[in-house]
Amino acid sequence: MPEILPFRYLFGPGPGNAYPEVMAALSHPVIGHLDPAFIDRLDRVSEDLRQVWGTGNPRTWPVSATGSGGMEAAFLNMVSDGDVAVIAVNGLFGERMCEVARRCGAEVIKVDHEWGQPIDVDRVLSAHPNPKVIAAVHAETSTGVRSDIATLGAGKGDALLLVDAVTSIGGLELRADDWGIDIGYAGTQKCLGVPPGLSPFTVSERAFERRVKDPRSWYFDIGLLGGYVGAAEGHTRTYHHTAPVTMVAGLEAGLDRILAEGLDAVWARHEAAGAALRDGLEAMGLELFAADGHRLPSLTTVKVPDGVNSTGVRAHLLERFDIEIGAGVRAYRDKIWRIGLMGPNASPASVTLVLGALEETLAAVG
Ligand SMILES: *Cc1c(COP(=O)(O)O)cnc(C)c1O
């Protein structure tokens, strides 16, 4: 038996804590991946995912992979040799998009931004006259910044809009159809409050028609996945790969939990928690990192004060309070902390807990 580790409050940029309903569903008996009960579950999950994405796309399902796998699936099916992809980069995940698109053979037009700033929609739209794809990250988890996808979508013209919604889905307003998102991928472990392992995915019919035929991946070929996702002729289900049935059960429980609360209420809960955390951090004399007016509620970035040992603070929070917060990325590793309030963590109690612990920690080891 593996050791059972203590409960941690996961206020990092990675997994948030899971909703209790999800952990209960994960302990249910395993069923077969072609059992009619599982097929029904997959259909319900796809329907629920349409709601959290804000889409009517029939091709909406959980890709059997993490968020990065969803990113691979999105690019592999949309760009191939010589296709132009304009990619807005304002943090680590935009950088990752460029690398994935390059490996697909795309001609990548990278539109760089200073980290901590939202994307400049005009600059992104004027980067190339007729790209096949325009890609952007809605919620940049490396910097704590939200970008304006609606305006990007309104100006996309004939291009396909590809969006990373990993740290926004199930926590922030997200309206794939209204905003013109053609291909979107997400993750379960951020605001959806489900452990990592699946990538909620959606593709418009327009994007499906313009997909790469014979993409350089068998596993992620969305043309072959039709039988699995229920989009095939007559909705017959055929074996494609063995779906991670237990993870899908966990995702269903998470989506049920969120939709029962109501999407508007869930978004408002995240916004309120983020605002309270920002206020509390500033009241402690700390300075926020992300550009004012574009700060994510689900992931708050705060500057490490001069002379404070950022690693020591994080270690003390973990050892003394069982609280995990994140370090910065790349050049910001020791310069910022990243505090996530995702899913069940987006609550007044969590804000009080993390602020109190941080205050005591700064006094003890700062
Ligand atoms: C976490 C994250 C990813 C990667 O997801 P994994 O599940 O770690 O593969 C991609 N994009 C963003 C914005 C993320 O926050």
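Residues numbered from 1 in each chain as written. Predicted model: local features only at pLDDT ≥ 70, side-chain atom pairs only at ≥ 80, totals over all residues. Heavy atoms only, no water.

Novice: Break down the overall build of the protein for me, with residues and values.
Specialist: For the protein, the count of helices and strands is 13 helices and 13 strands. In terms of C-alpha radius of gyration, the protein reaches 20 Å, essentially the compact-globule figure of 21 Å for 366 residues. By residue count, 58% of the 366 residues in the protein fall in the buried class. Of all intrachain contacts in the protein linking residues separated by at least 6 positions in sequence, the fraction that spans at least 24 positions is 70%. Surface exposure of the protein reaches about 14,700 Å², of which carbon and sulfur atoms provide 53%. Positive and negative side-chain charges of the protein, numbering 32 and 46 respectively, have mean locations separated by a distance of 3 Å. (Helix = DSSP H or I, 4+ residues; strand = E, 2+ residues; numbered from the N terminus. Rg over C-alpha atoms; globule rule 2.2 N^0.38 Å. Buried < 20%, exposed > 50% of the residue type's maximum accessible area, 1.4 Å probe, protein only. Contact = heavy atoms within 4.5 Å. Areas by Shrake-Rupley, 256 points an atom, 1.4 Å probe, with all protein chains shown as cover. Lys, Arg positive; Asp, Glu negative; His and termini not counted. Charge placed at Lys NZ, Arg CZ, Asp CG, Glu CD.)

Novice: Before we move on, can you summarise the domain arrangement of the protein with the specific residues and values?
Specialist: Each assigned domain of the protein is listed with its residue range as follows: domain 1 (9-15 + 263-364) and domain 2 (21-260). Centre-to-centre, using C-alpha coordinates, domain 1 lies 27 Å away from domain 2. The partner domain 2 presents 31 residues to the 27 residues of domain 1 that form the contact. In total, about 2,300 Å² of surface goes out of reach between domain 1 and domain 2, with carbon and sulfur atoms giving 64% of it. (Domains from an automatic or database assignment. Buried area = accessible area lost by both parts, 1.4 Å probe.)

Novice: How would you sum up the site of the ligand? Please name residues and give values.
Specialist: Lining the immediate environment of the ligand, one finds Thr66, Gly67, Ser68, Phe93, Val137, Ala139, Thr141, Asp164, Val166, Thr167, Gln189 and Lys190. At a separation of 2.7 Å, an oxygen atom of the ligand approaches a polar side-chain atom of Thr66. Taking Asp164, its side chain carries an N or O atom lying 2.6 Å from a nitrogen atom of the ligand. (Near = heavy atom within 4 Å. Polar contact = N/O pair within 3.5 Å; in protein donor to acceptor, adjacent residues only side chain to side chain.)

Novice: Account for the state of the cysteines, naming residues and giving values.
Specialist: Following the criterion strictly, the structure yields zero disulfides and no others. Cys98 takes part in no disulfide bond, and the closest cysteine sulfur to it belongs to Cys104, at a distance of 12 Å. (Disulfide = S-S within 2.5 Å.)

Novice: Tell me about the packing of helix H12 (residues 310-321) against helix H13 (residues 348-365), and name the residues and values.
Specialist: Where H12 contacts H13, the two axes come as close as 10 Å, and the packing angle between them is 120°. One element, H12, and the other, H13, form an angle in the oblique class. The two elements H12 and H13 meet at a crossing, and its hand is right-handed. Contacts between H12 and H13 involve Gly312, Val313, His316, Leu317, Arg320 and Phe321 from the former and Ala357, Leu358, Glu360, Thr361, Leu362, Ala364 and Val365 from the latter. Its residues assigned to classes, the contact of H12 with H13 shows eight nonpolar, three polar and two charged. (Axes fitted to C-alpha atoms, helices over the stretch in contact; angles between N-to-C directions. Parallel < 35°, antiparallel > 145°, perpendicular 65-115°, else oblique. Left-handed = near helix turned anticlockwise from the far one by under 90°. Nonpolar A, V, L, I, M, F, W, Y, C, P; charged D, E, K, R; others polar.)

Novice: Pulling in residues and values, what's your account of the environment of Thr66?
Specialist: By the secondary structure assignment, Thr66 is in the loop between strand E2 (59-63) and helix H3 (67-78). Since its relative accessible area comes to 39%, Thr66 is described here as partly exposed. Along the primary structure Thr66 and Phe93 are separated by 27 residues, whereas in three dimensions their C-alpha atoms are 14 Å apart. If we ignore the near neighbours within four places in the chain, the residues touching Thr66 are Gly197, Leu198 and Ser199.

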